[in-house]
Amino acid sequence: MENCFLRIQWYPGHMAKAMRTISENAKLIDVVIEVVDARAPQSCRNPSFEKAFRGKARVLILNKKDLADENATKQWENWFGARGIPAAGLNSLMSGAGREAIRLIEQAAKPAVQKYGDKGAAKTVRVMVTGIPNVGKSTFINCLSGERNAKTGAKPAVTRGIQWVGITPRLELMDTPGILPPRLDDRAAAVRLAFIGSIRDDIMDIEELAGELLHYLSQTCPEKISSRYKIDPEGKTGEELLEGVGRARGFLIAGGEIDLGRAARTALDEFRSGKLGRISLERPN
Ligand SMILES: Nc1nc2c(ncn2[C@@H]2O[C@H](COP(=O)(O)OP(=O)(O)O)[C@@H](O)[C@H]2O)c(=O)[nH]1
Ligand SMILES: [Mg+2]
């Protein structure tokens, strides 16, 4: 289990390129919207990029709140809020999410707009969406641009190869998200990112990963495992739990052996899509 993640790494060149792209784009924008997965907000953040965003207004979207524990998400909103980053839980797939997001952005941009207003100028607020893979950046951008005001004309403006989409008469959105590389220096964080699907499965041993997920769940919310897979998780190892899932689903291969690969994909899919219930992997400490 220990070397399950040793094969995961970002090439330094990739990291440097991501940093360059983010820094260049950061110059063009007023508000950085960071999308994280509400189930693991801390692990989704990449502190390496903080300096690129210094001085910008910030909004933190705790996305996929429908999959996270409601209380934990509330705690995260308060925790980030107390540290100067306005944060809000959101389900980007729900109608009305775009309007809620616009309200948050306008609030964050208020000081900048005010500064221009004092000089008699009207400020167009430009925003960029960032985040690590699979947290819902594209879905969020869609929900935001779905709310765009028809009167502004939806024509995207092309500046230096960047497309801006008018959301309201004074709010423009960069139409491509800034993809941040996930942090892999902290093993516990990397494991959570793998659980939520932010690290590509094909570079990991998914049977080990699913075993570790099932074991983690058996420690933190055993009832969710027992009710879905009809197994008693008490005292079982990850591998035994994985076998239990395969047996419960009748995933057998020739010779009556359990198809552990299929059991692993099932357990991971079901956790990621919320079929095991609303489960947060992190709470503020
Ligand atoms: N349940 C739920 N699923 C979401 C939400 N936002 C995005 N998703 C799903 O998460 C997956 C990744 O979303 P995507 O926008 O492609 O992520 P990106 O890689 O950050 O651009 C997709 O299957 C989306 O449908 C949300 O708020 N709730
Ligand atoms: Mg995307």
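Criteria and thresholds
Residues numbered from 1 in each chain as written. Chains lettered and ligands numbered in written order. Predicted model: local features only at pLDDT ≥ 70, side-chain atom pairs only at ≥ 80, totals over all residues. Heavy atoms only, no water. Domains from an automatic or database assignment. Axes fitted to C-alpha atoms, helices over the stretch in contact; angles between N-to-C directions. Helix = DSSP H or I, 4+ residues; strand = E, 2+ residues; numbered from the N terminus. Contact = heavy atoms within 4.5 Å. Nonpolar A, V, L, I, M, F, W, Y, C, P; charged D, E, K, R; others polar. Core = buried A, V, L, I, M, F, W, Y, C linked by side-chain atoms within 4.5 Å. Buried < 20%, exposed > 50% of the residue type's maximum accessible area, 1.4 Å probe, protein only. Near = heavy atom within 4 Å. Polar contact = N/O pair within 3.5 Å; in protein donor to acceptor, adjacent residues only side chain to side chain. Areas by Shrake-Rupley, 256 points an atom, 1.4 Å probe, with all protein chains shown as cover. Pairing = 2+ DSSP bridges. Salt bridge = Lys/Arg side-chain N within 4 Å of Asp/Glu carboxyl O. pLDDT = per-residue confidence, 0-100. Phe/Tyr/Trp six-rings, centres within 6.5 Å; stacked < 30°, edge-to-face > 60°. Lys NZ or Arg CZ within 6 Å of the ring centre and 35° of its normal.

Side note on the domain arrangement of the protein chain
Partitioning the protein chain into domains gives domain 1 (12–179) and domain 2 (205–272). For domain 1 versus domain 2, the separation of C-alpha centres amounts to 37 Å.

Things to note about the packing of helix α6 (residues 206–220) against helix α7 (residues 222–229)
Their axes nearest at 5 Å, the elements α6 and α7 cross at an angle of 115°. Two secondary-structure elements touch here, α6 through Leu214, Leu217, Ser218, Gln219 and Thr220 and α7 through Pro222, Ile225 and Tyr229. Class assignment for the residues of the contact of α6 with α7 results in five nonpolar, three polar and no charged.

A few points about the nonpolar core
If you look at the biggest cluster of nonpolar residues, it comprises 82 residues, and the most contacted ones within it are Ile33, Phe140, Leu144 and Phe271. Among the elements that line this core, the one with the most residues is helix α3 (residues 97–118), at seven residues. Each residue touching Ile33, except ones within four places of it in the same chain, is listed here: Val59, Ile61, Ile105, Val127, Met128, Val129, Thr130, Phe140 and Leu144.

A look at the site of ligand 1
What surrounds ligand 1 is a group of 15 residues, the closest being Asp66, Ser92, Asn134, Lys137 and Thr139. Here an oxygen atom of ligand 1 and a backbone polar atom of Gly136 are 3.0 Å apart. At a separation of 2.6 Å, an oxygen atom of ligand 1 approaches a polar side-chain atom of Thr139. For ligand 1, whose free accessible area comes to 590 Å², the fraction covered by protein is 71%.

Notes on the pairing of strand β6 (residues 162–168)
Residues in a regular strand point their side chains to alternate faces of the sheet. With six of its seven residues buried, β6 lies for the most part within the structure. Relative to strand β7 (residues 171–174), β6 runs antiparallel, the two sharing four bridges. Across the sheet, the residue bridging to Gly166 is Glu172, located in β7. Hairpin remark: β6 followed by β7, antiparallel, with two residues in the connecting loop.

With respect to the pattern of salt bridges
What the rule picks out here adds up to 15 salt bridges. The partner of Asp30 in a salt bridge is Lys123, with the nearest N and O atoms 3.0 Å apart. Separated by 93 residues along the polypeptide, Asp30 in the loop between α1 (12–26) and β1 (31–37) and Lys123 in the loop between α3 and β4 (125–131) bring together distant segments of the chain. Here Glu50 ties to Arg45 by a salt bridge, and the two come within 3.6 Å at their closest N and O atoms. Given a relative accessible area of 31%, Glu50 falls into the partly exposed group. Shared partners join several salt bridges into a network, and the residues in it are Glu34, Arg45, Glu50 and Arg58.

Re unusual backbone geometry
Of note in the backbone geometry, Lys64 takes a positive phi value of approximately 60° without being a glycine. Along the chain, Lys64 turns up in the loop between β2 (57–63) and α2 (70–82). Residue Lys64 is classed as buried on the basis of its relative accessible area of 19%. For Asn134, which is not glycine, the phi dihedral falls at a positive 70°. Tracing the backbone through its elements, the reader meets Asn134 in the loop between β4 and α4 (137–145).

Things to note about the confidence of the model for the protein chain
Of all residues in the protein chain, 91% have pLDDT values of 70 or greater, and the mean over the chain is 90. Of all secondary-structure elements in the protein chain, the lowest mean pLDDT belongs to strand β5 (residues 157–159), at 60, while strand β3 (residues 87–90) reaches the highest, 98.

Focus: the side chain of Thr130
By the element assignment, Thr130 lies in strand β4. Its relative accessible area of 0% is what places Thr130 among the buried residues. Here Thr130 is in contact with Val32, Ile33, Glu34, Val35, Phe53, Lys137, Gly178 and Leu180, once residues within four sequence places are set aside.

Considering the side chain of Asn63
Counting through the fold element by element, Asn63 comes out in strand β2. Overall, Asn63 belongs to the buried group, its relative accessible area being 3%. Side-chain polar atoms of Asn63 contact the backbone oxygen of Val135, separated by 2.9 Å. Sequence-distant contacts of Asn63, that is, excluding residues within four places in its chain, are made with Val35, Val36, Asp37, Ala38, Leu90, Asn91, Ser92, Val135 and Gly136.

Section: the packing of aromatic side chains
Inspection of every chain in the model, using the stated rule, returns four aromatic pairs. Ring centres of Trp79 and Phe80 lie 5.0 Å apart, and the angle between their planes is 90°; on these two criteria the pair is classed as edge-to-face. With 6.3 Å between their ring centres and 45° between their planes, Phe195 and Tyr216 make a pair best called tilted. Of this pair, Phe195 sits in helix α5 (residues 187–195) while Tyr216 is found in helix α6, placing the two residues 21 residues apart along the sequence. Judged by relative accessible area, which is 26%, Tyr216 ranks as partly exposed. One aromatic cluster is present, formed by Trp76, Trp79 and Phe80 through successive ring pairs. Lys119 extends its terminal NZ or CZ atom over the ring of Tyr116, reaching a point 5.2 Å from the ring centre. In this arrangement the basic side chain of Arg126 is found over the ring face of Trp164, its NZ or CZ atom lying 4.1 Å from the centre.

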